[in-house]
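This is what each chain is made of:
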Amino acid sequence: MDLLLEAARFATYTAALQLFGAAVFQQWLAPAGLRAALDARVRPLALASALLLPLAMLAWLAATAGTMGDGWASVLDANTLALVLSATSFGHVWLPLLIVAAATAGYTLLPRSGWLGLSLASAAMLIGLGLVGHAAMASGFDGILNRLSQVIHLLSSAFWLGSLFPLLLSLPFFRDPRYATDCDAMLRHFSGLGHLAVALLLLSGVTNTWFVMGGVPIDLGQPYQQLLLLKVGIAGIMVCLATINRYVFVPAIPDGGPGLSQLARGTIAEIALSAFVLALVSVIGTLSPG
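Quantities reported herein were computed from a predicted structural model and do not represent experimental measurements.

Visitor: Give me the overall build of the protein chain: which residues, what numbers.
Guide: Helix and strand counts for the protein chain come out as ten helices and zero strands. When the elements of the protein chain are put in sequence order from the N terminus, they spell out α-α-α-α-α-α-α-α-α-α. Taken over C-alpha atoms, the radius of gyration comes to 20 Å for the protein chain, in line with the 19 Å a tight globule of 290 residues would show. With the C-alpha coordinates aligned to their principal axes, the bounding extent of the protein chain is approximately 65 × 45 × 35 Å. Taking all 290 residues of the protein chain together, the buried fraction comes to 48%. Put simply, of all contacts in the protein chain between residues at least 6 apart along the chain, 77% involve residues at least 24 apart. For the protein chain, the accessible surface area stands at approximately 13400 Å², while carbon and sulfur atoms represent 72% of it. Across the protein chain, the 12 positively charged side chains and the 12 negatively charged ones have centroids separated by 12 Å.

See below:
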């Protein structure tokens with residue numbers, strides 16, 4: 001049951017972050033010419049993410065029902081599922097989120113679905129995801145601040161991590177004279193907003209840790225604290241790698257320099273590390289802090 005819950009959490013977060021990143025990249029980062037050229041590459045990524053999202057959320061709901069009920073016998077039990085949706089704070093958030101996820105998947109299937117609509121829908125999904133899990137433990141004013149911090153953490157993570165695949169897909173256009181100006185503008189937009197996203201990510205991450213760990217004694221023998229420390233370490237490596245990508249590899253792109261291939265390898269490394277971080281988050285969210 002734990003494995004199903006962790007897998008469902010991983011798939012849900014991955015799909016939501018990737019959908020948001022792809023939509024934001026196309027809507028606000030890529031200039032019109034580059035956006036049109038990238039559409040055929042990025043749209044299948046967004047479609048796959050949008051279709052996966054409601055399925056992953058249903059699996060998360062089923063795993064929650066199994067955890068709260070009688071194990072695997074409750075996973076597909078209609079009464080238990082209905083009870084989770086109607087009588088728990090998780091269910092009160094999850095039911096409208098499922099509706100939004102299903103509507104988003106349907107919208108993505110439309111021939112002319114716009115990136116702005118997908119940006120707003122995926123942002124709504126991330127906001128909803130920020131209202132469940134450890135962020136929902138606190139009540140009162142602290143609870144509001146904790147949820148707000150978690151929402152900021154998810155949105156900033158989605159911008160940074162979700163944009164990595166579209167960035168990777170855009171790299172072949174850097175050598176095409178027709179898109180050189182657009183690619184340069186895209187990199188400048190991504191770099192400027194990326195700095196803000198990383199700053200918000202780090203600040204909200206510290207805030208979330210303080211809310212969850214407040215009053216809990218430090219004990220690195222606890223699995224939660226071990227995995228949290230590992231997550232912090234991987235995130236630090238990713239920040240260092242992103243800095244190298246921006247300030248070492250990007251300046252080496254012009255005039256046929258080696259920067260383009262170096263940036264591609266650096267971006268692939270960031271994507272791999274981000275998948276590892278999401279896997280850690282998926283497990284950490286099922287554990288008790290102390």
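There is more to say, and it comes next.
Visitor: Got a sec to walk through the nonpolar core? Specific residues and values, please.
Guide: One broad trend across soluble globular proteins is that nonpolar side chains are buried collectively. Ranked by size, the top nonpolar core spans 72 residues in total, and within it M57, W60, L61, W94, L126, L129 and F174 carry the most contacts. Per-element tally for this core: the top contributor is helix α1 (residues 2-29), with 13 residues. Those residues in contact with W60 that sit more than four places away from it in its chain are L5, A8, R9, T12, Y13, F90, W94 and L129.

Visitor: Can you break down helix α9 (residues 223-249) residue by residue, with the values?
Guide: Along an α-helix, residues three or four apart share an orientation, since each turn contains 3.6 residues. The terminal C-alpha atoms of α9 lie 37 Å apart, and with 27 residues this matches the ideal 39 Å at 1.5 Å per residue to within 8%. Every buried residue of α9 is accounted for by Y224, Q225, L228, I234, M238, L241, N245 and F249. Along its buried surface, α9 packs onto α6 (140-162), α8 (180-213) and α10 (259-284).

Visitor: Can you lay out the pattern of salt bridges for me, pointing to particular residues and giving the numbers?
Guide: A pair can form between side chains of opposite charge whenever their charged atoms are brought close. In this structure the tally under the stated criterion is three salt bridges. The closest approach of N and O atoms between R43 and D39, which form a salt bridge, is 3.0 Å. In this pair, R43 and D39 are both assigned in helix α2 (residues 32-68), four residues apart and thus about one turn of the helix distant. Notably, a salt bridge pairs D184 with R188, separated by 3.2 Å at the nearest N-O pair. With a gap of four residues between them, D184 and R188 both fall in helix α8, about one helical turn apart.

Visitor: Outline the layout of surface pockets, supporting the account with residue identities and numerical values.
Guide: Within this model, the largest pocket holds a volume of roughly 800 Å³. H153, G205, N208, K231 and V281 are the residues nearest the centre of the largest pocket, which is lined by 35 residues in total. Of all the secondary structure elements, the ones that give two or more residues to the lining of the largest pocket are α1, α6, α8, α9 and α10. If one sorts the elements of the lining of the largest pocket by residue count, α9 sits on top with eight residues. Taken together, the residues of the lining of the largest pocket sort by class into 22 nonpolar, eleven polar and two charged. The space that makes up the second largest pocket amounts to roughly 580 Å³. Surrounding the second largest pocket, 28 residues form its lining, L187, F190, S191, R246 and V250 being those nearest its centre. Within the residue set of the lining of the second largest pocket, elements represented by two or more residues are α7 (164-170), α8, α9 and α10. Here the element with the most residues in the lining of the second largest pocket is α8; it accounts for ten residues. A breakdown of the residues in the lining of the second largest pocket according to their chemical character gives 17 nonpolar, six polar and five charged.

Visitor: Mind laying out the environment of R9, listing which residues take part and the relevant values?
Guide: Note on placement: R9 falls in helix α1. Judged by relative accessible area, R9 falls into the buried class, the value being 6%. Counting along the chain gives 272 residues from R9 to V281, while the straight-line C-alpha distance between them is 8.5 Å. Not counting the four nearest positions on each side in its chain, R9 is found in contact with W60, V281, S282, G285 and T286.

The rules behind these values
Residues numbered from 1 in each chain as written. Predicted model: local features only at pLDDT ≥ 70, side-chain atom pairs only at ≥ 80, totals over all residues. Heavy atoms only, no water. Helix = DSSP H or I, 4+ residues; strand = E, 2+ residues; numbered from the N terminus. Rg over C-alpha atoms; globule rule 2.2 N^0.38 Å. Buried < 20%, exposed > 50% of the residue type's maximum accessible area, 1.4 Å probe, protein only. Contact = heavy atoms within 4.5 Å. Areas by Shrake-Rupley, 256 points an atom, 1.4 Å probe, with all protein chains shown as cover. Lys, Arg positive; Asp, Glu negative; His and termini not counted. Charge placed at Lys NZ, Arg CZ, Asp CG, Glu CD. Core = buried A, V, L, I, M, F, W, Y, C linked by side-chain atoms within 4.5 Å. Expected span 1.5 Å × (residues − 1). Salt bridge = Lys/Arg side-chain N within 4 Å of Asp/Glu carboxyl O. 1 Å grid on protein atoms, 1.4 Å probe; cavity = no way out; pocket = protein on both sides within 12 Å on 5 of 7 lines; lining within 4 Å. Points joined across faces, edges and corners; volume = space filled by probe spheres on them. Nonpolar A, V, L, I, M, F, W, Y, C, P; charged D, E, K, R; others polar.

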